[in-house]
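# Per-entry structural report
Below, each chain spelled out in residue letters.
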Amino acid sequence: MFKKILSVALCVSLLAAFAPCVFASDSCDCGTEPFIFVEGINTIDLVLDRGTENEQLAFPPSTESIVNAVLKVVPTLLVSDFYSADELADKLTAAVAPLFETIALDPDGNSLYNVTTEFKYPTTDHHKQGGRYTFCYDWRLDMHTLASQLHDYIEYVKELTGHDSVHLLGFSMGTCVMDQYLVDYGYDGLESVIYYAGAYNGVSCCGEPMSNKIATDPKALVSYIDALLGEDDSMATLKTALNVLYKMGVFGVATNLVTDLYNKIGTKLARDTILRTFATMPGMLALMSLDDYNDYKEFVYTDEETAELWSRVIELSDDYHYNVQAKVPQIFDDIQTKVGRLAVIAKYGFYATPAMTDYDVMSDTTIDTAYESAGATCSKVFETLGDDYVQAVDDGHNHISPDNQIDASTCLLPDKTWFIKNLTHSRTGDTTYKLIRFIQENDTPVDIFTSADYPQFLYYDTVAEEISPLTVENASNTLVSDPGEPFSFKKLFDRIFAFIKMIFDFVTGINAAT
């Protein structure tokens, strides 16, 4: 028996000794380091009961579950006068919370239900063809866990490609994971670090509602829907109808009703719903700004019992906010010193989610432009900084956008921060990757003055799907229209004509095909 044990031990030792030789890739001298893209939130499926006959997507909620929730909410609201405020809040919480409760975690950080992700490592070395390696993750988990997973992935890609270093780009929530990785594992083996539409300083549309800073505004609501519909001619009639309804005051009535209801039951409804869903997820809490996070804790953890139950989540979240997010300036300094190549790419031109007190903040429809850019001074969406505005920091360069909506001089890195107008948060566009590659692969670190093709302020043409320098001429071509402008019959007829033309082209195409 002892000989068998000794033999097994020797075999294991030999395998361990030769493992690096078996799995190591030959060193690559192509000069093109791998590009690792750290994705944003919800880019990998959360699946309930994977591999069973009951398998289903856990997030986002299915249409059926949303319909069921509505069918419960509407009757309750119709007879709301028969309930006390607390009773009404309890009934609405019972209807709404199940939409997200399936993906909740327990106090130890494990899925409350059998919800899992399935992320597969790449097996093909395609970096020489300019391909990128995408890292996805379970966005509910704490940043230390996700940073550890990112570390393992980076080491795997290095081994796969035969390179000792990689380019690192974080998008949206991926910038939070990236910052935690830099704090936990350092800066060795990195060729460049890029923050793209990043949530690393927080996201108001997450932090404000979860800290009970909720408000509705008809203009913000219409403009937000308008941006989501895009510029497709098929949406022209619908967008015109939205504008007409806004002028008639329909959206004003609706938002007033919501505001009255929230004033009555909102605090209890929000707190109870959050505690059953997103408060259980350290990853979600990482998306708040430091100020919103502190307000959130005061709003949600109102008693010792609740605070004790979720003490582990609070501990992990405190660690991220106070030791990572609050130290972004130091992280930026370390990247510049130890890596050399650092860039920030932000977007603007849109309202944020219209369910928070700062509904008119400049954003890319999801993240505040000021947060993405690490400190830019921004006007409201349909306003400018003002005719008499003077650049806040006089560094000898002009950092004010041609549309007078952005002053980049207040950014942490004004010379290494780019802005793209009219590009929504979830949309990237192939030409944006050209900018990213330009930053990553130049022989020397670049800034906003390096190329005339990529100045500080850029414009995204949604038809051509290209970015170009922002100018006074194209700066007025916004993706969304201001519903506060006087009603235009010409615009109405133009949109109706565009819709009719689209139908005609569609019918003509069918006839030609047959």
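Refer to the structure above for everything that follows.
Residues numbered from 1 in each chain as written. Predicted model: local features only at pLDDT ≥ 70, side-chain atom pairs only at ≥ 80, totals over all residues. Heavy atoms only, no water.

## Remarks on the environment of Ala 104
As for its placement among the helices and strands, Ala 104 is situated in the loop between α4 (98-101) and β4 (115-116). Look at Ala 104 and you get buried, because its relative accessible area is 1%. Taking C-alpha positions, Ala 104 is 6.0 Å from Thr 280, a pair spaced 176 residues apart along the chain. (Helix = DSSP H or I, 4+ residues; strand = E, 2+ residues; numbered from the N terminus. Buried < 20%, exposed > 50% of the residue type's maximum accessible area, 1.4 Å probe, protein only.)

## Section: the pairing of strand β6 (residues 166-172)
Summarising burial for β6: 7 of the 7 residues are buried, a large majority. The pairing of strand β1 (residues 35-38) with β6 spans 4 bridges and is parallel. Bridged to Phe 37 within β6 is Leu 169. The pairing of β6 with strand β7 (residues 190-198) spans 7 bridges and is parallel. Bridging across to β7, Ser 172 finds its partner in Gly 198. With helix α6 (residues 174-185) bridging β6 and its parallel neighbour β7, the resulting β-α-β unit is right-handed. (Pairing = 2+ DSSP bridges. Right-handed = clockwise from strand over helix to strand, strands pointing away.)

## Focus: helix α10 (residues 250-276)
Over its 27 residues, α10 runs only 33 Å from end to end, short of the ideal 39 Å by more than 12%, given 1.5 Å per residue. Roughly 75° is the biggest bend found in α10, and it falls at Ile 265. Turning to α10, its buried residues number three or more, namely Phe 251, Gly 252, Thr 255, Tyr 262, Ile 265, Gly 266, Ala 270, Arg 271, Asp 272, Thr 273, Ile 274 and Leu 275. Elements in contact with the buried residues of α10: α3 (85-96), α7 (204-210), α8 (218-229), α9 (236-248), α12 (290-300) and α13 (304-309). (Expected span 1.5 Å × (residues − 1). Bend = angle between axes of the 7 residues up to and from the residue. Contact = heavy atoms within 4.5 Å.)

## What to know about the sheet that holds strand β14 (residues 457-461)
Taken in spatial order, the 8 strands make up an open sheet running β5-β1-β6-β7-β8-β13-β14-β15, and their pairing is mixed. Edge positions in the sheet fall to β5 (132-135) and β15 (466-469), since each has one partner strand and no second. On average, adjacent strands in this sheet sit at an angle of 25° to one another, irrespective of strand direction. Strand contacts of α6: β1, β5, β6 and β7, with the helix running at about 135° to β6, the strand carrying the most contacts. (Axes fitted to C-alpha atoms, helices over the stretch in contact; angles between N-to-C directions.)

## Some details on the side chain of Thr 273
Looking at the secondary structure, you find Thr 273 in helix α10. On the accessibility criterion, Thr 273 (12% relative accessible area) is buried. Only 2.7 Å separates the side chain of Thr 273 from the backbone oxygen of Leu 269, close enough to count as a polar contact. Apart from residues lying up to four places away in sequence, Thr 273 is in contact with Thr 93, Val 96 and Ala 97. (Polar contact = N/O pair within 3.5 Å; in protein donor to acceptor, adjacent residues only side chain to side chain.)

## Description of the pattern of salt bridges
Throughout the structure, instances matching the rule amount to 15 salt bridges. Residues Asp 403 and Lys 421 are paired through a salt bridge, measuring 2.9 Å at the closest nitrogen-oxygen approach. Of the two residues, Asp 403 is situated in the loop between β11 (377-378) and β12 (406-407) and Lys 421 in strand β13 (residues 417-421); the sequence distance between them amounts to 18 residues. A relative accessible area of 11% places Asp 403 in the buried class. Exposure remark for Lys 421: the relative accessible area of 2% places this residue in the buried category. Notably, a salt bridge pairs Arg 437 with Glu 441, separated by 3.0 Å at the nearest N-O pair. (Salt bridge = Lys/Arg side-chain N within 4 Å of Asp/Glu carboxyl O.)

## Topic: the sheet that holds β4
Reading across from one edge, β3-β2-β4 is the order of the 3 strands in this open sheet, with antiparallel pairing throughout. Across the chains shown, the open sheet's two edge strands, defined by having one partner strand only, are β3 (56-59) and β4. Relative to β3, strand β2 (residues 46-48) runs antiparallel, the two sharing 3 bridges. Note on β3: the bridge partner recorded for Val 47 is Leu 57.

## Considering the packing of aromatic side chains
Using the criterion set out here, one finds 24 aromatic pairs in the structure. Ring geometry for Tyr 200 and Phe 332: centres 6.0 Å apart, planes at 35°, overall tilted. Taken together, the positions of Tyr 200 in the loop between β7 and α7 and Phe 332 in helix α15 (residues 328-338) put the pair 132 residues apart, joining distant regions of the chain. For the residue pair Tyr 200 and Phe 332, the accessibility class agrees, reading buried in each case. Site record: aromatic cluster; members linked through ring pairs are Phe 119, Tyr 121, Phe 135, Tyr 137, Tyr 153 and Tyr 156. For the cation-ring pair, Arg 132 lies above Phe 37, with the distance from its terminal atom to the ring centre recorded as 5.6 Å. (Phe/Tyr/Trp six-rings, centres within 6.5 Å; stacked < 30°, edge-to-face > 60°. Lys NZ or Arg CZ within 6 Å of the ring centre and 35° of its normal.)

## As for unusual backbone geometry
Excluding glycine, residues mostly have negative phi values, and the peptide bonds linking residues are mostly trans. That bond from Phe 59 to Pro 60 is cis: its omega, 0°, falls within 30 degrees of zero. As for its placement among the helices and strands, Pro 60 is situated in the loop between β3 and α2 (63-78). Positive phi outside glycine occurs at Thr 365, with the angle close to 90°. Locating Thr 365 in the fold gives a position in the loop between β10 (362-363) and α16 (369-372). Here Thr 365 falls in the buried class, since its relative accessible area comes to 5%. For Asn 422, which is not a glycine, the phi torsion comes out positive at approximately 80°. Mapped onto the elements of the fold, Asn 422 is located in the loop between β13 and α17 (430-441).

## Description of the nonpolar core
Judged by nonpolar contacts, the single largest core of 71 residues is most densely connected at Trp 139, Tyr 195, Met 210, Tyr 296, Phe 332 and Ile 335. The greatest single-element share of this core, amounting to 8 residues, is contributed by helix α5 (residues 143-161). The next biggest cluster of nonpolar side chains, apart from the first, holds 23 residues, and it includes Ala 197, Tyr 433, Ile 436 and Phe 438. (Core = buried A, V, L, I, M, F, W, Y, C linked by side-chain atoms within 4.5 Å.)

## Here we look at α9
Spanning 13 residues, α9 covers 18 Å between terminal C-alpha atoms, matching the ideal 18 Å at 1.5 Å per step. All buried positions along α9 are accounted for by Ala 236, Lys 239, Thr 240, Leu 242, Asn 243 and Tyr 246. For α9, the angular spread of buried residues about the axis comes to 155°, placing them on one side. Gly 249 sits one or two positions beyond α9 and adopts a positive phi of about 90°. (Arc of directions from axis to C-beta.)

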